[in-house]
Amino acid sequence: MTGQNGLRPARPLAAPETAAPAAGPRGRAALAGRIGSTQVIYLALAGVMLVGWLLVAVDGGNFLTLETVVGIQQRSAALGIVAVGQTLAILVGSLDLSVAYLISLTSLVAAEVMAGQDGGIVPGVAAVLAVSALAGLANGLIITRLHVHAFIATLGTALIIRGVVDHLYDGPAGSVPESFQRLGYDRLGPVPVSALLWAGVAVAAWFLLRRTRLGYRIYAVGGDEEVARLSGVRTGRVIVATHVLCSVCAGIAGLLLAGRLGAGAPTVGTDGGYDLESIAAVVLGGTALAGGRGGIPGTVGGVLLLAVLDSVFNQLEVNAFVKDVVRGVVIVAAVAVYARRTARRRSR
Amino acid sequence: MRALRSMGPIFLVLAVLLALIAVANPFFLEPAGFLAFLKRAAPLVILAAGQYFVIVSGEFDLSVGSLVTVQVVVAARLIDGSEPATWPVLALLVALGLLVGLVNGVITTGLRVPSFITTLGMMLVLSGAVFLWTGGAPRGALSETFRMFGRKDLGPVPWSVLVLLVAGAAAILLMRSDFGKRLIATGDNERAAGLSGVRVGRTRVLAFVVSGLAAAVAGILLGGFAGVSAQVGQGLEFQAITAVVLGGVALGGGRGSVVAAMAGAFTLEALFTLLNLHGVSGALEYAVQGVIIAAVAMGTVRLPFRRAARV
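Quick caveat: nothing in here was measured; it's all calculated off a predicted structure.

### Points about the overall build of chain B
Across its full length, chain B carries 13 helices and two strands. Its C-alpha atoms give chain B a radius of gyration of 19 Å, near enough to 19 Å, the size a compact globule of 311 residues would have. Principal-axis analysis of the C-alpha atoms gives chain B an extent of 55 × 45 × 35 Å. The contacts of chain B with a sequence gap of at least 6 include a subset with a gap of at least 24, amounting to 79%. Surface summary for chain B: the accessible area is close to 12,100 Å², and the carbon and sulfur share equals 68%.

### Regarding the UniProt feature "transmembrane region" (unreviewed entry) in chain A
All names here are of chain A. The UniProt entry lists residues 40–65, 77–101, 121–143, 150–169, 189–209, 238–258 and 320–339 under the feature "transmembrane region" (unreviewed entry), expressed in the numbering used here. The straight-line gap between the two end C-alpha atoms of residues 77–101 is 18 Å; of that span, 72% is helix and 0% is strand. The distance from the first to the last C-alpha atom of residues 121–143 is 33 Å, and the span holds 100% helix and 0% strand.

### Considerations on helix α2 (residues 31–56) of chain B
Residue and element names in this part refer to chain B. Approximately 45 degrees is the largest bend angle found in α2, and it occurs at Ala 42, with the proline Pro 43 only one to four residues beyond. Burial of α2 is extensive: 21 of the 26 residues sit out of reach of the surface. Downstream of α2 by a residue or two, Gly 58 has a phi angle that is positive, lying close to 95 degrees.

### Focus: a nonpolar patch on the surface
Residues and elements named next belong to chain A. Together, Leu 50, Trp 53, Leu 54, Leu 64 and Val 69 give the surface a local cluster of nonpolar side chains, amounting to about 450 Å² of exposed area. When residues of the nonpolar patch are assigned to their parent elements, the largest contribution, three residues, is made by helix α2 (residues 16–58). Along the chain, Leu 50 falls in helix α2.

### Focus: the packing of aromatic side chains
Two aromatic rings, taken as a pair, are described by how far apart their centres are and by the angle between their planes. Residues and elements named next belong to chain B. One pass over the full model with this rule turns up 13 aromatic pairs over all chains. Measuring from ring centre to ring centre gives 6.1 Å for Phe 34 and Phe 37, while their planes differ by 35 degrees; the resulting arrangement is tilted. Of this pair, Phe 34 and Phe 37 both sit in helix α2, three residues apart, roughly one helical turn. By relative accessible area, which is 2% here, Phe 37 ends up buried. Look at Phe 149 and Trp 159: their rings are 5.8 Å apart centre to centre, the planes differ by 70 degrees, and that puts the pair in the edge-to-face class. Note that Phe 149 is positioned in helix α6 (residues 144–151) and Trp 159 in helix α7 (residues 159–176), a separation of 10 residues in sequence.

### Some details on the interface of chain A and chain B
How big an interface is tends to be expressed through the accessible area that disappears when the partners come together. Listed as interface residues are 53 residues of chain A and, on the opposing side, 54 residues of chain B. Approximately 4,700 Å² of surface area, both sides summed, lies buried where chain A meets chain B, with 73% of it carried by carbon and sulfur atoms. Applying the counting rule to chain A against chain B returns one residue pair in polar contact (both at pLDDT 80 or more). When contributions to the side of chain A that touches chain B are tallied by element, the ones reaching two or more residues are α1 (2–7), α6 (150–168), α9 (213–223), α13 (274–284) and α15 (320–347) of chain A. Per-element tally for the side of chain A that touches chain B: the top contributor is α15 of chain A, with 14 residues. When the residues that make up the side of chain A that touches chain B are grouped by side-chain class, the tally is 32 nonpolar, 14 polar and seven charged.

### Description of the nonpolar core
Phe 151 of chain A together with Tyr 52, Phe 53, Phe 116 and Ile 241 of chain B are the most contacted members of the largest nonpolar core, which totals 190 residues. Considering every element that reaches this core, the biggest residue donor is α2 of chain B, with 15 residues. Ignoring any residue separated from it by four or fewer positions in sequence, one finds Phe 151 of chain A in contact with Leu 95 and Leu 97 of chain A together with Phe 60, Leu 62, Phe 116, Phe 238, Ile 241 and Leu 251 of chain B.

### A look at the environment of Val 312 of chain A
Residue and element names in this part refer to chain A. Mapped onto the fold, Val 312 is located in helix α14 (residues 296–315). Judged by relative accessible area, Val 312 falls into the buried class, the value being 6%. With near-sequence residues (within four places) excluded, Val 312 lies in contact with Gly 52 and Phe 63.

### Observations regarding the packing of helix α3 (residues 64–79) of chain B against helix α4 (residues 86–110) of chain B
All names here are of chain B. The interhelical angle for the contact between α3 and α4, taken along N-to-C directions, is 155 degrees, at an axis separation of 10 Å. Put simply, α3 runs roughly antiparallel to α4. Judged by the sense of rotation from one axis to the other, the crossing of α3 with α4 is right-handed. Between α3 and α4, the contacting residues are Leu 67, Val 70, Gln 71, Val 74, Ala 75, Leu 78 and Ile 79 on the first element and Thr 86, Val 89, Leu 92, Leu 93, Leu 96, Gly 97 and Val 100 on the second. Its residues placed into classes, the contact of α3 with α4 shows 11 nonpolar, three polar and no charged.

### Thoughts on unusual backbone geometry
One non-glycine residue, Glu 317 of chain A, adopts positive backbone phi at about 55 degrees. Along the polypeptide, Glu 317 of chain A turns up in the loop between α14 and α15.

### Examining the confidence of the model for chain B
Residue and element names in this part refer to chain B. A residue-level look at chain B finds 92% of positions with pLDDT of 70 or above and a mean pLDDT of 85. Confidence, read as mean pLDDT per element, is least for helix α13 (residues 282–300) in chain B (71) and greatest for α4 (94). Predicted confidence for residues 301–311 stays below pLDDT 50, and this span has 42 contacts to residues more than four positions away or in other chains. Scoring of the predicted complex yields 0.85 for pTM and 0.82 for ipTM.

### Describing the side chain of Glu 59 of chain B
All names here are of chain B. Inspection of the secondary structure assignment puts Glu 59 in the loop between α2 and α3. A distance of 2.6 Å separates polar atoms of two side chains, one belonging to Glu 59 and the other to Ser 115. Engagement of the side chain of Glu 59 in a polar contact is seen with the side chain of Arg 204, the distance being 3.3 Å.

### Considerations on the pattern of salt bridges
Taken as a whole and judged by the stated rule, the model has eight salt bridges over all chains. With its nearest N and O atoms 2.7 Å apart, the salt bridge here joins Glu 277 of chain A to Arg 327 of chain A. Highlighted residues: Glu 277 of chain A in helix α13 and Arg 327 of chain A in helix α15, separated in sequence by 50 residues. According to the relative accessible area criterion, Glu 277 of chain A is buried, its value standing at 16%. Between Arg 204 of chain B and Glu 190 of chain B there is a salt bridge, and its shortest N-O distance comes to 2.6 Å. In this pair, Arg 204 of chain B is assigned in helix α10 (residues 200–226) and Glu 190 of chain B in helix α9 (residues 190–195), connecting sequence segments 14 residues apart.

Conventions we followed
- Residues numbered from 1 in each chain as written.
- Chains lettered and ligands numbered in written order.
- Predicted model: local features only at pLDDT ≥ 70, side-chain atom pairs only at ≥ 80, totals over all residues.
- Heavy atoms only, no water.
- Helix = DSSP H or I, 4+ residues; strand = E, 2+ residues; numbered from the N terminus.
- Rg over C-alpha atoms; globule rule 2.2 N^0.38 Å.
- Contact = heavy atoms within 4.5 Å.
- Areas by Shrake-Rupley, 256 points an atom, 1.4 Å probe, with all protein chains shown as cover.
- UniProt positions renumbered as here; feature names shortened; annotations may be inferred.
- Bend = angle between axes of the 7 residues up to and from the residue.
- Buried < 20%, exposed > 50% of the residue type's maximum accessible area, 1.4 Å probe, protein only.
- Patch = residues over 30% accessible without salt bridge, like charges linked within 9 Å, V, L, I, M, F, W, Y side chains within 5 Å.
- Salt bridge = Lys/Arg side-chain N within 4 Å of Asp/Glu carboxyl O.
- Phe/Tyr/Trp six-rings, centres within 6.5 Å; stacked < 30°, edge-to-face > 60°.
- Buried area = accessible area lost by both parts, 1.4 Å probe.
- Polar contact = N/O pair within 3.5 Å; in protein donor to acceptor, adjacent residues only side chain to side chain.
- Nonpolar A, V, L, I, M, F, W, Y, C, P; charged D, E, K, R; others polar.
- Core = buried A, V, L, I, M, F, W, Y, C linked by side-chain atoms within 4.5 Å.
- Axes fitted to C-alpha atoms, helices over the stretch in contact; angles between N-to-C directions.
- Parallel < 35°, antiparallel > 145°, perpendicular 65-115°, else oblique.
- Left-handed = near helix turned anticlockwise from the far one by under 90°.
- pLDDT = per-residue confidence, 0-100.

Structure follows, in structure tokens:
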């Protein structure tokens, strides 16, 4: 929000963590702060796993079975991929509410183009990447060129995609060849292929943020767009590029879900609640909603935390609605903890 | 004059839409036809007015949609068709709305959680809790007295239009009071407002309370109008925010008028009506809505607010 932005201390242009080794004590302090945030989420994750394990043990079950672990990985992969993309958008100071409908659309595009043929896989994947990149481009241009707030711009795109999808499809359509469905179900040893895909996307995004110029610029624009612009960053391009990447991540999640379902489904994205859920996971991972602060490791932790909670509840056969209540409380509580830490650092 | 210029576009768009509706359906020009439109629009307009208070103070309220659902589901279960239960339950619903607003406000200002997250969490908690309580599907029934507000008329004028008039007048008076000025100051520059003696936190909490109250009233109207369902409030939070933005109110706070926000809600409702009249299928309606939102937002929101308004 405005006021919080106003109160936020100015951040150096480059992502501080990469500058840390050379930057002396102040850089190290920033580094400690950054690691702290990620540590919190992983500590929370470990805590939830421990409590979950105890509760399930008391209930007479065993939480840490191979089956559960594989289940957690498989369940979290799609949300994880979307959340990685959403992290980029939020870091640049934007957000994307259109990902859920885009996932539905791309699952349909994939299944329709592939039409059950092995030969259709390459064109199918290419079509999905093209469609999602285009959607991201539209989001980015509406935000930067037409100066529409990201919230409204991506909500508008979401409505447009929803209209098109609902108009053309009543139910599942197209089909995905057997070989592509392996993406959803196969595993290498204990690791599902979908989890590897998620890990690949996460590592790529992490590399982008920490090791490339675009990554530094994303932090810079998210930290303070005006300062970034005055320092010679073409902020509009950075925002557009980020939205394209965010949408491509949603497209990859759409591919994964099409592989899992064996077909495209017009409601797969919204049923999963991927829009708000991915934003929640990102924020749960310690990335500031105002932009410029946070990163991929936190998001991965946030997604895993949500998945572990889900898994514990499933094993305890807790009512589905209790899950929502707990999830809401956990998200708010986590962000309250981060806010408190930030405030304390600021006053030091 | 400046206020007029910034509010102008939305009224122009609204006038054009109303004229198009009148051309497609002459009944619209008769009092009964127009009142029917107002009646349909009332819940969204009231919600938009409530959302305006939160947005102008620099925050969001994403919980209003699920709050409306909760109101309707709770009312149906508690009243269960019994007339004498109506008034106590109405009082309870208003109290519930105020309480949810208070909690949203206190968490946002006290714990410094961005309101996007606070109200998102509240949305999950509310929808989870209410369905936990009812076991998954709404049960019970509303009484006739309860439904009166949403569907019956007092003489020629529907009750909901009267409620709308009262709520609209209250919103305008509230914005003209000292509270309104403090609210705008808070949204415009929290620090400056705080330094000049505004109790920023308390002002924001009150804004959330107003939004909760508006959701309670909208829920009561919608329950009467549309009946009991688990979907009654779905997506209303986005519609309300869209309406406020269409009215030229800057996300991020400090700018825009409550009258324009309500006009934004009328515009959305007029758009839905027009699309219905032209037999645009339910699905394409969303697409057209998306295009028009983008276009109108472009036309009305020319203020350099994007930076100030990061979520």
